[in-house]
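For reference, the chains in residue letters:
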Amino acid sequence: MNQVILASHGGLAAGMRDTVELIVGEVPNVHVLSTTRDETEPIAVRARRLLEGFDPADAVYILTDVMGGSVNNDMLTLLPEFPQATLLCGTNACLALNLASAEAPLSDGEIEEFLEEARGQIVNCNKLLQQAAENEEDDL
């Protein structure tokens, strides 16, 4: 089974899981870790405990919010201990949905396809509308 860990600053990870569940239903393989100002246990400690609880045969995908941020840096420190984990930074709902829905471990090529699709979801809609209007004028 694939396991997905959404790890973020504040409530982003929990909100992302809520979004995924709204679209595809309950996702017992998606886990949330957040760092907050008043946390009593470091996120790396909670992540290690979560990772240790997974079946060693499970592929694990950890999605973090900010490259170079404390959450991403803490997750990086865990990779040598958990070779079944893949860390992906700069998550969005598209990426979370794809990973949550994947039933089998993903190849590097499949992960890259998911990342490309996620990047493609980052769009300036104002610019798209402007281009559509310009194209419409050209068609007249």
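This section reports on the structure supplied with the text. (Residues numbered from 1 in each chain as written. Predicted model: local features only at pLDDT ≥ 70, side-chain atom pairs only at ≥ 80, totals over all residues. Heavy atoms only, no water.)

## A few points about helix 4 (residues 93-101)
Here comes step 1: Across the nine residues that make up helix 4, a large majority, seven, are buried.
Here comes step 2: Considered for burial, the residues of helix 4 that qualify are Cys94, Leu95, Ala96, Leu97, Asn98, Leu99 and Ala100.
Here comes step 3: Packing partners of the buried residues in helix 4 comprise strand 1 (2-9), helix 1 (12-24), strand 2 (30-35), strand 3 (59-64), strand 4 (85-89) and helix 5 (108-120). (Buried < 20%, exposed > 50% of the residue type's maximum accessible area, 1.4 Å probe, protein only. Helix = DSSP H or I, 4+ residues; strand = E, 2+ residues; numbered from the N terminus. Contact = heavy atoms within 4.5 Å.)

## Here we look at the side chain of Asn72
Here comes step 1: In this fold, Asn72 is placed in helix 3 (residues 70-78).
Here comes step 2: Taking relative accessible area as the criterion, Asn72 reaches 2% and is therefore assigned buried.
Here comes step 3: Excluding residues that lie within four positions of it along the chain, Asn72 makes contacts with Thr64, Val66, Met67, Leu87 and Cys89.

## Here's the deal with a negative patch on the surface
Here comes step 1: A cluster of acidic residues, Glu134, Glu136, Glu137 and Asp138, forms a negative patch at the surface.
Here comes step 2: Relative to the helices and strands, Glu134 resides in helix 6 (residues 125-139).
Here comes step 3: Of the residues examined, Glu134 reaches a relative accessible area of 39% and is grouped as partly exposed. (Patch = residues over 30% accessible without salt bridge, like charges linked within 9 Å, V, L, I, M, F, W, Y side chains within 5 Å. Areas by Shrake-Rupley, 256 points an atom, 1.4 Å probe, with all protein chains shown as cover. Salt bridge = Lys/Arg side-chain N within 4 Å of Asp/Glu carboxyl O. Lys, Arg positive; Asp, Glu negative; His and termini not counted. Charge placed at Lys NZ, Arg CZ, Asp CG, Glu CD.)

## Details of the packing of helix 4 against helix 5
Here comes step 1: In the contact formed by helix 4 and helix 5, the axes pass within 8 Å of each other and the chain directions differ by 150 degrees. Classed by the angle they form, the pair helix 4 and helix 5 counts as roughly antiparallel. The element helix 4 and its partner helix 5 pack so that their crossing is right-handed. Contacts from Cys94, Leu95, Asn98 and Leu99 of helix 4 reach helix 5 at Phe114, Leu115, Glu117 and Ala118.
Here comes step 2: The residue makeup of the contact of helix 4 with helix 5, split by class, is six nonpolar, one polar and one charged. (Axes fitted to C-alpha atoms, helices over the stretch in contact; angles between N-to-C directions. Parallel < 35°, antiparallel > 145°, perpendicular 65-115°, else oblique. Left-handed = near helix turned anticlockwise from the far one by under 90°. Nonpolar A, V, L, I, M, F, W, Y, C, P; charged D, E, K, R; others polar.)

It is worth stressing that arrangement in space is one thing and function is another; only the former is reported here.
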